[in-house]
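Working through the structure, step by step
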Amino acid sequence: MKRKYWIGLALALCIAGMLYCFFSREKDLQDHIPAKSKMVARLSVSAIQQSENFSQLASLIGLPLNVSDIKSDAFVFITPNEYFGLAFDLQDTNSFLSNIPSKDVTEQDGLKWIWTKSGWLVTLSGKKLFALGPGTAQERDRLRHTLRVMIDSPADEGFGHTAKANALKTDAPIAFVGSTKVLPAPYGTLLRLALPEKSGEIVGAVTQTTGHTVISGSLWHEDFNFVAPQKNAPSIPPSDYLLLGTIITDGSELLKRIRQDASARMLLKAMDDTTSAAKRLEMMRGEIHFLVSDLDSAGNALCHIEGTDVQGKAIAIGNAGRLSLETPPFPVAREHRATMVIQTGRLLAAPLPESIRGMLRLALADCRQIIIQTEPQGAFQITFSE
């Protein structure tokens, strides 16, 4: 009887110990990220150390961070309620806090909280740092609630337990997965128009070579096969136009895409006769060529679009005077669905609001030209050339 009692007690203690270990174990960083995040990117330690982008991000958040403070891969994400987030492990929490005035650090429920002057809320859970923002002072409680849910929710409710998390398991220094809807203008807008499926989700990786940063990837599906990052950058000479492009599609499909995209709708709004322009664009079939010479003070594109109808009759629409494309801007290559080239110097010289120009300067620092190419099956490559 005693033997059975001790065996039963030992089993109970073992089960209790296993349950304690299971529920008290530390969650992975990815499992703190909301499962329905609109975009998640992983930055390897080597990518953080070799790029100035992370220091710029830290400066934007308003944190005195050095790359030497980072112990793990970092994750940048966009939450379902559309805040930007950052998560990583610190080398030394006390060392990090020593660079922040004590009056800026509060403690609640075992967590340390920091509200930065840039409108970001930062919290420390052990050696894990999470930042969310930007927001106004009135949004601070909402940011705090989102961070608390991220920290307190079970691991199996986090991003790390979703199928999309597999997209980040690659040797590339930077990998990402998410919705095309959150990609920034101008290249995000153009990629949405150039992909064969509208408003889809994409998976990709970022690599760097001498003079080039290359983003390559494909449409994401449950059974996706990761596209190996390409390191060869296409060579396209600079032009006098802000944007040149060729896309193989029907005008009706392109018109539908433009109408469904807030940024792309500026192309139609810029036309003198929007209704007539839309009807002529809808008639185009096959290859459609376009250029944007400049932006006006309202951000409207001075553009010209050419194509042919089903009988091969030429159609042209635009508001850029007598501009025309004497020859297609790019040779038609059937392996490409679209080729688009942005001259960033012309973009930054446009009469944009200074706040937008400042964001573009930060995003496109040292970039001379952006080349976007997509394939019929959904593979894509965006090349930032210095």
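Our subject in this report is the structure included herewith.

**With respect to the overall build of the protein**
Helix and strand counts for the protein come out as 11 helices and 17 strands. For the protein, buried positions account for 46% of its 386 residues. Partitioning the intrachain contacts of the protein with sequence separation of at least 6 by distance along the chain shows that 64% fall at a separation of at least 24. Of the roughly 20,000 Å² of accessible surface on the protein, 53% is carried by carbon and sulfur atoms.

**Details of helix α7 (residues 251–260)**
Along α7, the positions that sit buried rather than exposed are G251, L254, L255, R257 and I258. The arc that holds the buried residues of α7, viewed along the axis, is 160°, so those residues lie on one side.

**Quick notes on the side chain of D89**
Here D89 shows up in strand β3 (residues 84–89). Setting aside residues up to four positions removed in sequence, D89 forms contacts with L29, D69, I70, K71, S72, K127 and K128.

**So, the pairing of strand β11 (residues 243–248)**
Within β11, 6 of the 6 residues are buried, which leaves it mostly tucked inside the rest of the structure. The side-chain alternation of β11 yields two buried faces, one formed by L243, G245 and I247 and the other by L244, T246 and I248. In this structure, β11 lies alongside strand β12 (residues 285–295), joined through 6 bridges in antiparallel fashion. When the bridges of β12 are listed, T246 appears paired with H289. Sheet analysis places β11 next to strand β15 (residues 338–343), joined by 5 bridges and oriented antiparallel. The partner of G245 across the bridge, within β15, is M340.

**Some remarks on helix α5 (residues 140–152)**
Over its 13 residues, α5 extends 18 Å from the first C-alpha to the last, a length consistent with the 18 Å expected when each residue adds 1.5 Å. Where α5 is concerned, the buried positions are L143, R144, T146, L147, R148, M150 and I151. Here the buried face of α5 lies against β2 (74–78), β4 (105–108), β5 (111–115), β6 (121–125) and β7 (128–133).

**Points about the environment of F75**
If you trace the backbone, F75 turns up in strand β2. Given the relative accessible area of 6%, F75 is considered buried. Between the C-alpha atom of F75 and that of S44, which follows or precedes it by 31 residues, the distance is 8.8 Å.

**Considerations on the pairing of strand β9 (residues 201–209)**
The side chains of a regular strand alternate between both faces of the sheet. Bridge count for strand β8 (residues 174–179) against β9 is 6 bridges, and the pairing is antiparallel. Of the residues in β9, the one forming a bridge with G178 is I202. Of the strand pairs in this sheet, β9 and strand β10 (residues 212–219) are connected by 8 bridges, and their pairing is antiparallel. Within the sheet, the bridge partner assigned to T209 lies in β10 and is H212. Between β9 and β10, which follow one another and run antiparallel, lie 2 residues, and G211 among them has a positive phi close to 80°.

**Remarks on the environment of K112**
Within the fold, K112 resides in strand β5. With a relative accessible area of 29%, K112 lands in the partly exposed category. Counting along the chain gives 13 residues from K112 to S125, while the straight-line C-alpha distance between them is 7.2 Å. Setting aside chain neighbours within four positions, we find K112 in contact with L97, V105, T106, E107, V122, T123 and L124.

**Digging into the pattern of salt bridges**
Oppositely charged side chains can pair when the atoms bearing their charge come close. Under the counting rule described, the total for this entry stands at 11 salt bridges. As a salt-bridge pair, K38 and E82 come within 2.6 Å of each other at their nearest N and O atoms. Here E82 lies in the loop between β2 and β3 and K38 lies in the loop between α1 (2–24) and β1 (39–43), a separation of 44 residues in the sequence. Ionic pairing is found between D89 and K128, a salt bridge with its closest N-O pair at 3.9 Å. Residue D89 is located in strand β3, and its partner K128 is located in strand β7; the two are separated by 39 residues in the primary sequence.

**Section: the packing of aromatic side chains**
Summed over the entire model, instances satisfying the criterion amount to 1 aromatic pair. The interplanar angle of 90° and the centroid separation of 5.3 Å between the aromatic rings of Y187 and F384 together place this pair among those described as edge-to-face. Taken together, the positions of Y187 in helix α6 (residues 187–194) and F384 in strand β17 (residues 380–385) put the pair 197 residues apart, joining distant regions of the chain. Exposure class is identical for Y187 and F384. Each is buried. A cation sits over an aromatic face here: R144 above W113, 4.5 Å from the ring centre.

**A short note on the environment of T136**
Tracing the backbone through its elements, the reader meets T136 in the loop between β7 and α5. Take T136: its relative accessible area is 40%, and that puts it in the partly exposed class. It is 5.9 Å that separates the C-alpha atoms of T136 and G119, two residues lying 17 residues apart in sequence.

**Some details on unusual backbone geometry**
For the bond from G133 to P134, the omega torsion is -10°, close enough to zero to count as cis. Along the polypeptide, P134 turns up in the loop between β7 and α5. Look at E82: it is not a glycine, yet its phi comes out positive at around 65°. Positioned with a positive phi, D109 is a non-glycine residue whose angle comes to about 55°.

About the cut-offs
Residues numbered from 1 in each chain as written. Predicted model: local features only at pLDDT ≥ 70, side-chain atom pairs only at ≥ 80, totals over all residues. Heavy atoms only, no water. Helix = DSSP H or I, 4+ residues; strand = E, 2+ residues; numbered from the N terminus. Buried < 20%, exposed > 50% of the residue type's maximum accessible area, 1.4 Å probe, protein only. Contact = heavy atoms within 4.5 Å. Areas by Shrake-Rupley, 256 points an atom, 1.4 Å probe, with all protein chains shown as cover. Arc of directions from axis to C-beta. Pairing = 2+ DSSP bridges. Expected span 1.5 Å × (residues − 1). Salt bridge = Lys/Arg side-chain N within 4 Å of Asp/Glu carboxyl O. Phe/Tyr/Trp six-rings, centres within 6.5 Å; stacked < 30°, edge-to-face > 60°. Lys NZ or Arg CZ within 6 Å of the ring centre and 35° of its normal.

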